[in-house]
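# Structural features, examined
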Amino acid sequence: MTEIVIDHIVKRFGAFTAVDDIAMRFADGEVACLLGPSGCGKTTLMRIIAGLEAPTSGRILFGGRDVTDLPPRKRNVGMVFQYPVMYPTLSVAENIALPLRYDRAVSSVERDRRVDEVLDVLDIRGLAGAFIEELDAGNRQKVAVGRAVARQSEIVLFDEPTTNVEVKAKLALIRAFKAVTQRLRQTIVYVTHDQTEAMTLADRIALMKSGKIMQYDRPQQLYNQPTTEFGGWFLGNPGMNFVPASAEQGRITSVILAEPLAAPAGLPQGAGLTIGIRPELVRMTGAAGPQTVEALLVDQAIGIAGRYLTKARIGDVLVKVNTEGIPPAGVGQKVHLSVPREDLMIFADGSRVGI
Ligand SMILES: Nc1ncnc2c1ncn2[C@@H]1O[C@H](COP(=O)(O)OP(=O)(O)OP(=O)(O)O)[C@@H](O)[C@H]1O
Ligand SMILES: [Mg+2]
């Protein structure tokens, strides 16, 4: 049972707050991804979990045990960072086995068994005898992953391990990573700023911004039900559209709406609301329909994998559209947009309000 509890962790560097009172738990045996833009504090939080950095205040607990004051080597945590330290003159198998050699509780038979298992799951058995310097970046990172997980420490931390790996090798690495985590069920915290990676790997994603956790949820939930504008914007490619709206006498109006919406109870009146809609949920047609609003197509459509990305303008509001069919008009021509009521979100001051 190795749940990680982050108990009101604060980290300041001088006057700057890098981690701003984070309180959360990473569940035992789950893969949690810390996802967020550069500089939001991901690495700092990881270093605090690993014991490489002391928090300004707050505690870290592993399986109920307070480890805040323990040095890294006493925390029994495996780690893989962007540039792993490896021994170029040792073979792949020897690199994976190395940490196990220092562990007296692991017999040589058990050591060989674990190395074998990891080589299989990571699909690098054919490279067992190769030297590290002969490997490309992707396979090198596989070895680093293998070495971290073969120790079978209950917690393994990864900080952007795929950053220096080219796209195709990245997929193989992620696939191997997924296989190894499903097999070994260690508690894993994986830092990335790549949403696709997080969506693929994570049981849960902790979305981070400016030292705070904005939302901690299952990937689909995070994508479909962002609780903040930031979440809607950060996830998705491109991210959510935000269109100004206002509430008056129980009705919400906006240029994206053909008819006013009934405002949820307790919604602040006046301007300053935002309607959020994912580009792939905006419907675009050539002809006007019952719920459509008129727009001008302002961008050349770009086809990607059977879908088209384009932009339309309603007054001075730009709406990104990601459509399955070819757009019904060219740049500068009229189109008609509609947004299904159930696909809309309403935000006030950046936070979602119920609809
Ligand atoms: N030792 C330090 N001294 C001063 N400021 C620091 C220190 N370490 C980190 N910071 C600052 O804290 C903030 C968070 O840094 P951190 O490395 O945790 O971000 P990150 O989310 O990992 O970013 P990236 O995606 O670029 O790796 C940044 O503004 C960084 O400049
Ligand atoms: Mg970082």
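A short tour of the structure in this document, coming up. Here the structure is a predicted model, which means the values were calculated and not measured. (Residues numbered from 1 in each chain as written. Chains lettered and ligands numbered in written order. Predicted model: local features only at pLDDT ≥ 70, side-chain atom pairs only at ≥ 80, totals over all residues. Heavy atoms only, no water.)

### Section: helix α2 (residues 92-101)
Where α2 is concerned, the buried positions are Val92, Asn95, Ile96, Ala97, Leu98 and Leu100. The secondary structure elements touched by the buried residues of α2 are α3 (108-121) and α4 (137-150). (Buried < 20%, exposed > 50% of the residue type's maximum accessible area, 1.4 Å probe, protein only. Helix = DSSP H or I, 4+ residues; strand = E, 2+ residues; numbered from the N terminus. Contact = heavy atoms within 4.5 Å.)

### Description of the packing of α4 against helix α5 (residues 167-184)
Between α4 and α5, the least distance of the axes is 9 Å, while the angle of their chain directions is 15°. Classified by the angle their axes make, α4 and α5 are roughly parallel. Regarding α4 and α5, the two cross each other, and that crossing is right-handed. In this structure, α4 contributes Gly138, Gln141, Lys142, Val145 and Val149 to the contact, and α5 contributes Ala169, Ala172, Leu173, Ala176, Phe177, Val180 and Leu184. Its residues assigned to classes, the contact of α4 with α5 comprises nine nonpolar, two polar and one charged. (Axes fitted to C-alpha atoms, helices over the stretch in contact; angles between N-to-C directions. Parallel < 35°, antiparallel > 145°, perpendicular 65-115°, else oblique. Left-handed = near helix turned anticlockwise from the far one by under 90°. Nonpolar A, V, L, I, M, F, W, Y, C, P; charged D, E, K, R; others polar.)

### Regarding the pairing of strand β20 (residues 334-338)
Along β20, four of the five residues are buried, which leaves the element largely enclosed by surrounding structure. Pairing between strand β15 (residues 283-285) and β20: three bridges, direction antiparallel. Of the residues in β20, the one forming a bridge with Arg283 is Ser338. Where strand β16 (residues 293-297) and β20 come together, four bridges link them in antiparallel fashion. Among the inter-strand pairings, Glu294 is bridged to a residue of β20, identified as His336. (Pairing = 2+ DSSP bridges.)

### Some details on the sheet that holds strand β11 (residues 241-248)
Here six strands make up an open sheet; going across it, the order is β13-β12-β11-β14-β21-β22 and the pairing antiparallel. Every other strand in the sheet has two partners, leaving β13 (261-262) and β22 (351-353) as the edge strands with one partner each. Of the pairings in the sheet, the one linking strand β12 (residues 251-253) to β13 comprises two bridges and is antiparallel in character. What sits directly across from Ile252, in β13, is Leu261.

### Here we look at the site of ligand 1
Close contacts around ligand 1 come from Phe13, Phe16, Ala18, Pro37, Ser38, Gly39, Cys40, Gly41, Lys42, Thr43, Thr44 and Glu160, and that covers them all. The contact in question runs from an oxygen atom of ligand 1 to an N or O atom on the side chain of Ser38, over 2.5 Å. Cys40 places a polar main-chain atom, nitrogen or oxygen, 3.2 Å from an oxygen atom of ligand 1. If ligand 1 stood free it would expose 640 Å²; the protein chains cover 58% of that surface. At the level of secondary structure, the elements contributing two or more residues to the shell around ligand 1 comprise β2 (16-26) and α1 (42-50). Broken down by element, the residue count for the shell around ligand 1 peaks at three residues, all from α1. Here the shell around ligand 1 is built from residues that sort into five nonpolar, five polar and two charged. (Near = heavy atom within 4 Å. Polar contact = N/O pair within 3.5 Å; in protein donor to acceptor, adjacent residues only side chain to side chain. Areas by Shrake-Rupley, 256 points an atom, 1.4 Å probe, with all protein chains shown as cover.)

### Comments concerning the pattern of salt bridges
Enumeration over the complete set of coordinates arrives at 18 salt bridges. The partner of Asp20 in a salt bridge is Lys212, with the nearest N and O atoms 2.7 Å apart. Taken together, the residues span a long stretch of sequence, with Asp20 in strand β2 and Lys212 in strand β10 (residues 212-217) at a distance of 192 residues. For Lys212, a relative accessible area of 39% corresponds to the partly exposed category. Linking Lys311 and Asp299 is a salt bridge whose minimum nitrogen-to-oxygen distance equals 3.3 Å. Taken together, the positions of Lys311 in strand β18 (residues 307-314) and Asp299 in the loop between β16 and β17 (302-304) put the pair 12 residues apart, joining distant regions of the chain. Look at Lys311 and you get partly exposed, because its relative accessible area is 28%. Through salt bridges that share partners, Glu110, Arg113, Arg114, Glu117 and Arg183 make up one connected network. (Salt bridge = Lys/Arg side-chain N within 4 Å of Asp/Glu carboxyl O.)

The values reported here are purely geometric and, on their own, carry no functional implication.
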